[in-house]
Amino acid sequence: MPSRRKTVMFASACFTSIWSFVIVCLVLAKKNWVSSNVNFTEGNSSAIITVTYGVFEGVCSKKVIGGLETPAKNFQVTAKLEKTEMKSLNVVIILLLVLSLLSSLMSSGFTCCNTITNPYQTFLGPIGVYTWNSLSGIFVLLTMILFTANVEANKLSVQLALNCVFSSSQYKNSRNTYGYSYWLMLLIILLNVATIIIIIFYHRARYFKRKEQERPIENAPKDGILF
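One structure accompanies this document, and this report is about it. (Residues numbered from 1 in each chain as written. Predicted model: local features only at pLDDT ≥ 70, side-chain atom pairs only at ≥ 80, totals over all residues. Heavy atoms only, no water.)

**Structural notes on the state of the cysteines**
- Enumeration according to the criterion identifies two disulfides in this entry.
- Covalently, C14 is tied to C112 through a disulfide, its sulfur atoms 2.2 Å apart. With C14 in helix α1 (residues 4-29) and C112 in helix α3 (residues 84-116), this pair connects stretches of sequence that are 98 residues apart.
- Taking relative accessible area as the criterion, C14 reaches 8% and is therefore assigned buried.
- The disulfide partner of C60 is C164, and the gap between their sulfur atoms is 1.9 Å. Residues C60 and C164 are joined by a disulfide whose S-S torsion is about -90°; by sign, that bridge is left-handed. Placement of C60 in strand β3 (residues 57-64) and of C164 in the loop between α5 (156-161) and β5 (170-178) is noted, with a sequence separation of 104 residues between them.
- On the basis of relative accessibility, which here comes to 14%, the residue C164 falls in the buried class.
- Cysteine pairing for the chain, with bonded cysteines counted in sequence order: 1-3, 2-4.
- Here C113 stays unpaired: no disulfide links it, and the sulfur of C112, its closest cysteine neighbor, is 8.8 Å away. (Disulfide = S-S within 2.5 Å. Helix = DSSP H or I, 4+ residues; strand = E, 2+ residues; numbered from the N terminus. Buried < 20%, exposed > 50% of the residue type's maximum accessible area, 1.4 Å probe, protein only.)

If you want it as structure tokens, here you go:
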């Protein structure tokens, strides 16, 4: 049976791993990754298209300056992307988040297993926890970088906004604001780091305890040495 210290430390790491898993699920499900105001000219008037979207779904609304505002309508992100580069990046982003989800799930399993047992395989212990949390953090970081590149460099918001205007409309400019679903990914990384730090503290405490038990015999009292 694991020691009380190990049970407490790995239970804490299991808690952070489970929360990491839950937040990845929330990020995938939400469409508040970014909200963009895209300005177009339509003849003698100007229109502002507001698009809010994630990796799966989005919503757009149109407001004509000095005129009416059209009702918001939902759309599927991938279905509205015509450029292969944009669509490919969006698919890669989804795959990275799924890999992060699986890594968090594996970390949860490893840490929960260590709260009740002492695994014989080294990889099932701290090394496995380090590996899965590092991978999860890397996948999420790559997701944030690639999504930002798709929005800023490839003008993803403009491409999606084109589906809400007439074909004769001319693009002027746009402004992007990243939503809470995007910034939640930083929390996932922090939870991964927290899990690793917890296990490092456990590993160091175990190391020093073992060193203390393996003190050289010359440090023992002389009257306690048997010849």
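**As for the sheet that holds strand β1 (residues 34-42)**
- On the basis of which strands lie adjacent, the open sheet formed by five strands has the order β4-β3-β2-β1-β5 and antiparallel pairing. Of all the strands in the sheet, the pair left with one neighbour each is β4 (73-76) and β5. Taking each pair of neighbouring strands and ignoring which way they run, the sheet shows an average axis angle of 25°.
- Strand contacts of helix α4 (residues 126-152): β1, β2 (45-53) and β5, with the helix running at about 155° to β5, the strand carrying the most contacts. (Pairing = 2+ DSSP bridges. Axes fitted to C-alpha atoms, helices over the stretch in contact; angles between N-to-C directions. Contact = heavy atoms within 4.5 Å.)

**Digging into the pairing of β1**
- Side chains V34, S36, V38, F40 and E42 project from β1 onto a buried face, and the interleaved S35, N37, N39 and T41 project onto a face without burial.
- Where β1 hands over to β2, the hairpin turn is made up of two residues, of which G43 adopts a positive phi near 70°.
- When β1 meets β5, the two strands line up antiparallel, connected through eight bridges. Pairing of T41 across the sheet is with Q170, part of β5.

**Thoughts on the packing of α1 against α3**
- Running from N to C, α1 and α3 cross one another at 160°; their axes reach a closest spacing of 8 Å. The angle between the axes of α1 and α3 places the two elements in the roughly antiparallel class. Between α1 and α3 lies a crossing of left-handed hand.
- Across the contact of α1 with α3, the residue classes tally to 14 nonpolar, ten polar and one charged. (Parallel < 35°, antiparallel > 145°, perpendicular 65-115°, else oblique. Left-handed = near helix turned anticlockwise from the far one by under 90°. Nonpolar A, V, L, I, M, F, W, Y, C, P; charged D, E, K, R; others polar.)

**Side note on the packing of aromatic side chains**
- Applying the stated criterion across every chain yields a total of nine aromatic pairs.
- Both rings, one in F40 and one in Y171, keep their centres 6.0 Å apart while their planes meet at 65°; by these two values the pair is edge-to-face. Here F40, found in strand β1, pairs with Y171, found in strand β5; they are 131 residues apart in sequence, far enough to count as distant.
- Judged by its relative accessible area of 35%, Y171 is partly exposed.
- Consider the rings of F147 and Y182, whose centres lie 6.1 Å apart with planes at 40°: the pair is tilted. Residue F147 is located in helix α4, and its partner Y182 is located in helix α6 (residues 180-213); the two are separated by 35 residues in the primary sequence. (Phe/Tyr/Trp six-rings, centres within 6.5 Å; stacked < 30°, edge-to-face > 60°.)

**Overview of α1**
- Taking 1.5 Å per residue, 26 residues should reach 38 Å; α1 reaches 38 Å between its end C-alpha atoms and fits that length.
- Buried residues of α1: K6, F10, A13, C14, T16, S17, S20, I23, V24, V27 and L28, and no others. (Expected span 1.5 Å × (residues − 1).)

**Regarding the nonpolar core**
- Core analysis: the biggest nonpolar cluster contains 37 residues, and W33, I49, Y53, F147 and M185 have the highest contact counts within it.
- Those elements giving two or more residues to this core turn out to be α1, β1, β2, α3, α4, α5 and α6.
- Those residues in contact with I49, other than ones at most four positions away along the chain, are S36, N37, V38, F40, S61, K62, A161, C164 and V165.
- Counting residues in each nonpolar core, the second largest holds seven residues, with A13, V129, I198 and Y202 among its members. (Core = buried A, V, L, I, M, F, W, Y, C linked by side-chain atoms within 4.5 Å.)

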